Amino acid sequence: HNIGMQTLGVFILWFGWYGFNVGSTLSLNGFTSAKVATTTTLSPSMAVVTAMVYSRFVYKHYDIGLSLNAALAGLVSITASCSVVDDWAAIIIGFIGFFVYQGASVLMKKMQVDDPVDAVAVHGACGIWGCLAAGIFATPDLIDLGYSRTC
């Protein structure tokens with residue numbers, strides 16, 4: 001339980017996420033790349049802010065471990081839709097992503113599932129939420145911009 005190493009690991013993953021999300025669009029034009037980088041920043045940032053407020057009110061102290069996992073939850077939540085949602089939607093996706101993560105984490109503990117790093121909650125539950133969010137928040141204009149419909 002080394003918080004310094006956990007923080008370093010999350011920062012490395014977050015940095016790598018930019019390469020993954022921007023590179024996955026397969027179009028290095030300025031607008032799409034900037035759009036993806038922006039949504040990839042907004043979603044985990046909102047998840048972290050939500051985790052900080054949540055931990056302060058629920059646990060009466062700030063929980064850095066919860067906030068770091070919230071960052072990963074926000075990143076996983078936005079990955080499926082990073083090029084097809086507006087910026088405001090990325091913020092909502094990150095906000096909801098935190099609660100999906102927290103709920104899944106509590107559920108795993110209640111079910112006595114041995115998951116010390118909350119991998120199921122972060123990647124499983126937030127991955128499902130991210131796929132649903134892509135369908136809920138995607139806009140036709142951004143879909144057309146990001147993905148050609150011609151064969």
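Residues numbered from 1 in each chain as written. Predicted model: local features only at pLDDT ≥ 70, side-chain atom pairs only at ≥ 80, totals over all residues. Heavy atoms only, no water.

S.K.: So what exactly am I meant to see when it comes to the packing of helix α3 (residues 64-79) against helix α4 (residues 87-110) here?
M.R.: When two helices pack together, you describe them by how their axes are tilted relative to each other and by the distance separating the axes. Interaxial distance between α3 and α4 falls to 8 Å at its minimum, and their mutual angle equals 125 degrees. By the angle between their axes, α3 is oblique relative to α4. Where α3 crosses over α4, the two elements pack in a sense that is right-handed. Residues Leu66, Asn69, Ala70, Ala73, Ser77 and Ile78 of α3 form the contact with α4, whose own contacting residues are Ala90, Ile93, Gly97, Phe98, Tyr101 and Gln102. (Axes fitted to C-alpha atoms, helices over the stretch in contact; angles between N-to-C directions. Helix = DSSP H or I, 4+ residues; strand = E, 2+ residues; numbered from the N terminus. Parallel < 35°, antiparallel > 145°, perpendicular 65-115°, else oblique. Left-handed = near helix turned anticlockwise from the far one by under 90°. Contact = heavy atoms within 4.5 Å.)

S.K.: Just to check I follow, could you spell out the packing of aromatic side chains for this structure?
M.R.: The description of an aromatic ring pair uses the distance of the two centres, along with the angle that the planes make with each other. As enumerated under the stated definition, the model contains seven aromatic pairs in all. With a centroid separation of 6.2 Å and 80 degrees between ring planes, the pair formed by tyrosine 54 and phenylalanine 99 is classed as edge-to-face. Taken as a pair, tyrosine 54 in helix α2 (residues 30-58) and phenylalanine 99 in helix α4 lie far apart in primary sequence, 45 residues in all. Relative accessible area serves as the criterion here: at 21%, tyrosine 54 is assigned to the partly exposed category. Judged by its relative accessible area of 38%, phenylalanine 99 is partly exposed. (Phe/Tyr/Trp six-rings, centres within 6.5 Å; stacked < 30°, edge-to-face > 60°. Buried < 20%, exposed > 50% of the residue type's maximum accessible area, 1.4 Å probe, protein only.)

S.K.: Can you help me understand the nonpolar core in this one?
M.R.: Within soluble globular proteins, side chains that are nonpolar generally end up buried alongside one another. Residues Phe98 and Tyr101 are the most contacted members of the largest nonpolar core, which totals 20 residues. Counting only elements with at least two residues in this core, the list comes to α1 (3-24), α2, α3, α4 and α5 (119-137). The element best represented in this core is α3, accounting for eight residues. Once residues within four sequence positions are removed from consideration, phenylalanine 98 is found in contact with Ala47, Thr50, Ala51, Tyr54, Leu66 and Ala70. Formed by twelve residues, the second largest nonpolar core is a distinct cluster that contains Val22, Val36, Ile78 and Trp129. (Core = buried A, V, L, I, M, F, W, Y, C linked by side-chain atoms within 4.5 Å.)

Any functional reading would require information beyond the geometric quantities listed.
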